[in-house]
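# Survey of secondary and tertiary structure
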Amino acid sequence: AQTVTQSQPEMSVQEAETVTLSCTYDTSESDYYLFWYKQPPSRQMILVIRQEAYKQQNATENRFSVNFQKAAKSFSLKISDSQLGDAAMYFCAYRGSNTGNQFYFGTGTSLTVIP
Amino acid sequence: DSGVTQTPKHLITATGQRVTLRCSPRSGDLSVYWYQQSLDQGLQFLIQYYNGEERAKGNILERFSAQQFPDLHSELNLSSLELGDSALYFCASSVYRGTDTQYFGPGTRLTVL
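Residues numbered from 1 in each chain as written. Chains lettered and ligands numbered in written order. Predicted model: local features only at pLDDT ≥ 70, side-chain atom pairs only at ≥ 80, totals over all residues. Heavy atoms only, no water.

### Some remarks on the pairing of strand β8 (residues 74-78) of chain B
Residue and element names in this part refer to chain B. Most of β8 sits out of view: five of its five residues are buried. Alternating residues of β8 divide into Ser74, Leu76 and Leu78 and Glu75 and Asn77, and every residue in both groups is buried. In terms of strand pairing, strand β3 (residues 19-24) meets β8 through five bridges, oriented antiparallel. In the strand pairing of β8, Val19 is matched with Leu78. Judged from the five bridges that link them, strand β7 (residues 64-68) and β8 form a sheet pairing that is antiparallel. (Buried < 20%, exposed > 50% of the residue type's maximum accessible area, 1.4 Å probe, protein only. Helix = DSSP H or I, 4+ residues; strand = E, 2+ residues; numbered from the N terminus. Pairing = 2+ DSSP bridges.)

Next comes the structure, spelled out in structure tokens:
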């Protein structure tokens, strides 16, 4: 089975600064999708950003961007100009094209934003 | 608001009891997924349905079962409940084609006393 690893259980960042959350995955598939979800204290799971493996260009959504390194099987999330509302648990997720529609989630990184 | 609805929001019950959690997917989504998130844990995939048929099974206990109805809403049935079943149960939906992003409902918090 595919595995997704988030090696940073907790991270902190000063407000307005930039932080990068790490994610690595293990797969033998060549076609797949990667996602970052945010879970604030409300516990709602919110999609932050999505990357298709066949696209070389890194995805960007406003202050959120990814650094996708396919050969290294790495998918990090960069949050620029951090805001208090960014404080949440962040989950990295993988979906392969040959694994049905099953998502594999990492264990999450808890991000604290310091005012 | 993701467009996925789940009821009830909270559920408190006793060990040995049976409960049913309900999920309505986003309009147009054919696939429904169920996840369990225990306290301070990641998401554990339980089961997936597509257009009424079971498509994938994860770490779902035999005491748990699910189904998807013709109107595409889904129910997760949990029986012979144990203290360890206390968790947040999420439903997510997707179109099942293309990028297939999963959109999550707000979750049902189950407390077993």
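What follows picks up the thread again.
### Brief notes about the environment of B:Tyr33
Residues and elements named next belong to chain B. You can see Tyr33 is positioned in strand β4 (residues 31-37). Residue Tyr33 is classed as buried on the basis of its relative accessible area of 0%. Sequence-wise, Tyr33 and Leu61 are 28 residues apart; in three dimensions their C-alpha atoms are separated by 15 Å. A polar contact of 2.8 Å, which involves the side chain of Tyr33, links it to the side chain of Ser94. (Polar contact = N/O pair within 3.5 Å; in protein donor to acceptor, adjacent residues only side chain to side chain.)

### So, the interface of chain A and chain B
In this assembly, 17 residues from chain A lie in contact with 25 residues from chain B. Of all the elements in the fold, those that place two or more residues in the side of chain A that touches chain B are β5 (32-39), β6 (46-52), β10 (88-96) and β11 (103-105) of chain A. In terms of residue count, β5(A) provides more of the side of chain A that touches chain B than any other element does, four residues in total. For the side of chain A that touches chain B, the per-class residue count stands at eight nonpolar, five polar and four charged. (Contact = heavy atoms within 4.5 Å. Nonpolar A, V, L, I, M, F, W, Y, C, P; charged D, E, K, R; others polar.)

### Observations regarding the packing of aromatic side chains
Aromatic ring pairs are defined here through the distance separating the ring centres and the angle between the ring planes. Within this structure, the stated rule accounts for 18 aromatic pairs over all chains. Taking 5.3 Å as the distance between ring centres and 65° as the angle between the ring planes, the aromatic pair formed by A:Tyr25 and A:Tyr32 counts as edge-to-face. With centroids separated by 6.2 Å and ring planes inclined at 25°, the aromatic side chains of A:Trp36 and A:Phe75 adopt a geometry described as stacked. Taken as a pair, A:Trp36 in strand β5 and A:Phe75 in strand β9 (residues 74-79) lie far apart in primary sequence, 39 residues in all. Neither A:Trp36 nor A:Phe75 differs from the other in exposure class; each is buried. Linked through ring pairs, A:Phe35, A:Tyr37, A:Phe103, A:Phe105, B:Tyr35, B:Phe45, B:Phe90 and B:Phe104 together constitute an aromatic cluster. (Phe/Tyr/Trp six-rings, centres within 6.5 Å; stacked < 30°, edge-to-face > 60°.)

### Remarks on the state of the cysteines
Among covalent bonds in proteins, the disulfide is the one between the sulfur atoms of two cysteines. All names here are of chain A. According to the stated counting rule, one finds two disulfides over all chains in the structure shown. Each sulfur in the disulfide pair Cys23 and Cys92 lies 2.0 Å from the other. Residues Cys23 and Cys92 are joined through a disulfide that is left-handed, its torsion about the S-S bond being -70°. On the criterion of sequence distance, the pair formed by Cys23 in the loop between β3 (19-21) and β4 (24-26) and Cys92 in strand β10 is long-range, its members being 69 residues apart. Looking at Cys92, the relative accessible area reads 0%, which means it is buried. (Disulfide = S-S within 2.5 Å.)

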